[in-house]
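# Architecture at a glance
Read off the chains here:
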There are 2 protein chains.
Amino acid sequence: MKRILYDLAGEDENFRFSPYCWRIKLALAHKNLPYETVAWRFTDKDAIAFSGQGKVPVLVDGETVVADSQKIAEYLEVNYPNEASLFGDPPSRALTQFIRAWAEQVLHPAVARVVLPDIFFHRLHEKDKAYFRDTRERAWGMRIEDFAPKRAEAVAALEAALAPLRTTLGLQNFIAGAAPSYADHIVFGALQWARLTSVQPLFAADDLILDWMHAVLSAYGL
Amino acid sequence: MKRILYDLAGEDENFRFSPYCWRIKLALAHKNLPYETVAWRFTDKDAIAFSGQGKVPVLVDGETVVADSQKIAEYLEVNYPNEASLFGDPPSRALTQFIRAWAEQVLHPAVARVVLPDIFFHRLHEKDKAYFRDTRERAWGMRIEDFAPKRAEAVAALEAALAPLRTTLGLQNFIAGAAPSYADHIVFGALQWARLTSVQPLFAADDLILDWMHAVLSAYGL
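In short, a report on the structure. Every chain is numbered on its own, with residues counted from 1 as its sequence reads. Note on labels: chains are lettered from A, ligands numbered from 1, in written order. Only residues with pLDDT of 70 or above have their local features reported here, since the model is predicted, and side-chain atom pairs are shown and tallied only from 80 upward, although totals for entire chains, interfaces and linings are computed over all residues. Excluded from the side-chain calculation are hydrogens and water; included are all heavy atoms of the structure.

## Things to note about the interface of chain A and chain B
The contact rule is simple, with two residues in contact once any of their heavy atoms fall within 4.5 Å. With 26 residues of chain A at the contact, the number on the chain B side is 25 residues. At the boundary of chain A with chain B, total buried surface from both sides reaches about 2100 Å², with 71% on carbon and sulfur atoms. Throughout, the accessible surface (probe 1.4 Å) given up by two parts as they are put together, summed over both, is called the buried area. For the chain A face of the interface with chain B, the top three residues by lost area are Leu 95, Phe 98 and Pro 164 of chain A, together amounting to 32%. The term salt bridge refers to a pairing of a side-chain nitrogen on Lys or Arg with a carboxyl oxygen on Asp or Glu at a separation within 4 Å. Our enumeration of links across chain A and chain B arrives at 0 salt bridges. The term polar contact refers here to a pair of N or O atoms within 3.5 Å; inside protein, the definition further demands a hydrogen-donor-capable atom paired with an acceptor-capable atom, and it admits residues adjacent in sequence only when both atoms are side-chain atoms. Counting every contact that joins chain A to chain B gives 5 residue pairs in polar contact (both at pLDDT 80 or more). Helical segments are the DSSP runs of H or I of at least four residues, strand segments are the runs of E of at least two, and each set is numbered from the N terminus. Secondary structure elements with two or more residues in the side of chain A that touches chain B: α3 (90-123) and α6 (163-171) of chain A. It is α3 of chain A that contributes the most residues to the side of chain A that touches chain B, 14 residues altogether. All amino acids are sorted into three groups, where Ala, Val, Leu, Ile, Met, Phe, Trp, Tyr, Cys and Pro are nonpolar, Asp, Glu, Lys and Arg are charged, and the leftover types, Gly among them, are polar. Looking at side-chain class alone, the side of chain A that touches chain B contains 16 nonpolar, 8 polar and 2 charged residues.

Laid out in structure tokens, this is it:
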């Protein structure tokens, strides 16, 4: 059976930077499920029209098509019950919802403020630029050119937002404790997006957060 | 065996407003352990000198004395293993550390900015005022009188900080899912402190957050 993940790419088709796609790549690794990726750009709407919507990740698992990272994670958990659980027991799964809300409502906007211009000017495929400018400028109510002058302030705000993560990783190896789970995948996705797209390094080589990111990848042999 | 909790009180000795003491009152209820409280004020250092430090909560459990809310929770978990677990399995316990870090590093400062003047001018015992002013003004680098003019801004920042909690409680009854656990106790403590000390109501009567707080108390018959 073929398993295919449509995965956001930049100008370089091997540059894969979507936080939501990273969640699913780690979730598939966690469940030890082999897959291939298809490089996809924001404007390749036709290529995923079969999924009934226009965003990635889209997983094609044999005959089944699932879009939306949370739905994909839930699909994998239900359909591959003999593999390691993504969420753990019901209380862990519930606590993971808080971490997801924090990642999406606090961490993602803080990362975006830093890297939006880097994505636009340095990472995107030319054909995606008009779409990206239009959607992001509408969402943020400001021009892409107006982010860069506030970069230092945005980096400081991102660092402040990371405080609870730093405290947690000072106490234990992973957000979920001794081994990574979907809570780690969610936060890793956000910071992988940050780390890959930022033109200036966001973390020192010996930063606790990079150590944890390497450990998450290592846990899956990546 | 007698079980006594030293519990921070205001001018009214029945006004109990410490977020850390609330954690432990809920943890004791969760483990179905009866206890009595002793009203304690910030300057009653001599009354708890036997604990080797100067802050509450202090739990006296028969012959054992434990100070610091996290140490008390861990003590209860280890010493009353036949009662309901506070933390759940190891992954839940690890995820709860993130929620604790978020509560202490994001939520507590956001609450403090709103309620510090209310605590000082309306809640504290007269004998605690000099101590409170001195410690808080040093910690915040500003005079207590300078908080009130920024109240509206502080209330808005608190509301923004609550976004991940609101999202989570929109998905499930408790932070830990179907029933409260120590993750709920931690966040409840912060918001009980906020709710009790604020002179102006912080939440509308039909607010999701108040519903959840009532549900936490109800779960323990409180």
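## A closer look at the relation of the copies chain A and chain B
In this arrangement, two copies of a chain are superimposed by a rotation about an axis accompanied by a shift along the axis. The fit set for superposing copies consists of C-alpha atoms from residues with pLDDT of at least 70 in both; the fit itself is least squares. Of the transformation superimposing chain A on chain B, the axial component is 0.0 Å and the angular component is 180 degrees, with the fit at an RMSD of 0.0 Å. The relationship between the two copies is best expressed as a two-fold rotation axis. It is Ser 92 of chain A whose C-alpha, among those of chain A, lies nearest the rotation axis, at 2.4 Å. Most of the interface of chain A is mirrored in chain B, where 96% of its interface residues again form contacts.

## Comments concerning the environment of Ala 190 of chain A
Position of Ala 190 of chain A among the secondary structure elements: in helix α7 (residues 182-197). For Ala 190 of chain A and Tyr 20 of chain A, which are 170 residues apart along the polypeptide, the C-alpha to C-alpha distance reads 7.9 Å.

## Overview of the sheet that holds strand β4 (residues 64-67) of chain A
Residue and element names in this part refer to chain A. Paired strands, as defined in this entry, are two strands with at least two bridges between them according to DSSP. Reading across the sheet, the 4 strands line up as β2-β1-β3-β4 and stay open at both edges, with mixed pairing between neighbours. Two strands close off the open sheet at either side, each with one partner strand: β2 (36-40) and β4. For this sheet, the mean angle separating the axes of adjacent strands, direction not counted, is 20 degrees. Taken together, the 5 bridges between strand β1 (residues 3-8) and β2 define a ladder with parallel strand orientation. For Tyr 6, the partnering residue across the bridge sits in β2 and is Val 38. Relative to the sheet, helix α1 (residues 19-30) contacts β1 and β3 (58-61), its axis offset from that of β1 by approximately 150 degrees. Only C-alpha atoms enter the line fits that serve as axes; for helices the fit covers just the stretch in contact. Angles between N-to-C directions range over 0 to 180 degrees. Along the sheet, helix α2 (residues 69-79) contacts β3 and β4; its crossing angle with β4, the most-contacted strand, is approximately 135 degrees.

## Here we look at helix α5 (residues 151-161) of chain B
All names here are of chain B. Three or more residues of α5 are buried, namely Arg 151, Ala 154, Leu 158 and Ala 161. Viewed along the axis of α5, the buried residues span an arc of 80 degrees, placing them on a single side of the element. In α5, the exposed residues that point more than 90 degrees away from the buried face are Ala 152, Glu 153 and Ala 160. Summarising the contacts, the buried residues of α5 are in contact with α3 (90-123) and α6 (163-171). When a residue's accessible area, from a 1.4 Å probe over protein chains only, is under 20% of the maximum for its type it is buried; when over 50% it is exposed; and in between it is partly exposed. Starting at the helix axis, one direction is taken to each C-beta atom, and the arc is that of these directions.

## Looking at the packing of aromatic side chains
Here a Phe, Tyr or Trp ring, Trp counted by its six-membered ring, pairs with any other such ring whose centre lies within 6.5 Å, and the pair is stacked when the planes are under 30 degrees apart, edge-to-face when over 60, and tilted otherwise. Applying the stated criterion to the full structure yields 24 aromatic pairs over all chains. On the numbers, 5.5 Å between centres and 35 degrees between planes, the contact of Phe 15 of chain A with Phe 17 of chain A is tilted. Side by side, Phe 15 of chain A and Phe 17 of chain A carry an identical accessibility label, which is buried. Here the aromatic rings of Phe 42 of chain A and Phe 132 of chain A are separated by 5.8 Å at their centres, their planes lie at 50 degrees, and the arrangement is tilted. Residue Phe 42 of chain A is located in the loop between β2 and β3, and its partner Phe 132 of chain A is located in helix α4 (residues 129-140); the two are separated by 90 residues in the primary sequence. Residue Phe 42 of chain A is classed as buried on the basis of its relative accessible area of 9%. The rings of Trp 40, Phe 42, Phe 120, Phe 121, Tyr 131 and Phe 132 of chain A are connected pair by pair, giving a single aromatic cluster. In our convention, an over-ring charge means Lys NZ or Arg CZ found within 6 Å of a ring centre and within 35 degrees of that ring's normal. Here the basic side chain of Lys 25 of chain B rests over the ring of Trp 22 of chain B, its NZ or CZ set 3.9 Å away from the ring centre. For the cation-ring pair, Lys 129 of chain B lies above Phe 120 of chain B, with the distance from its terminal atom to the ring centre recorded as 5.4 Å.

## Regarding unusual backbone geometry
A cis amide bond links Val 56 of chain A to the next residue, Pro 57 of chain A, at an omega of 5 degrees. Among the structural elements, Pro 57 of chain A can be located in the loop between β2 and β3. One non-glycine residue, Asn 32 of chain A, lies in the positive phi region at around 60 degrees. Summarising the element assignment, Asn 32 of chain A is placed in the loop between α1 and β2. Its relative accessible area of 61% is what places Asn 32 of chain A among the exposed residues. Phi at Asp 68 of chain B takes a positive value of approximately 85 degrees, unusual for a residue other than glycine. For Asp 68 of chain B, the position within the fold is in the loop between β4 (64-67) and α2 (69-79).

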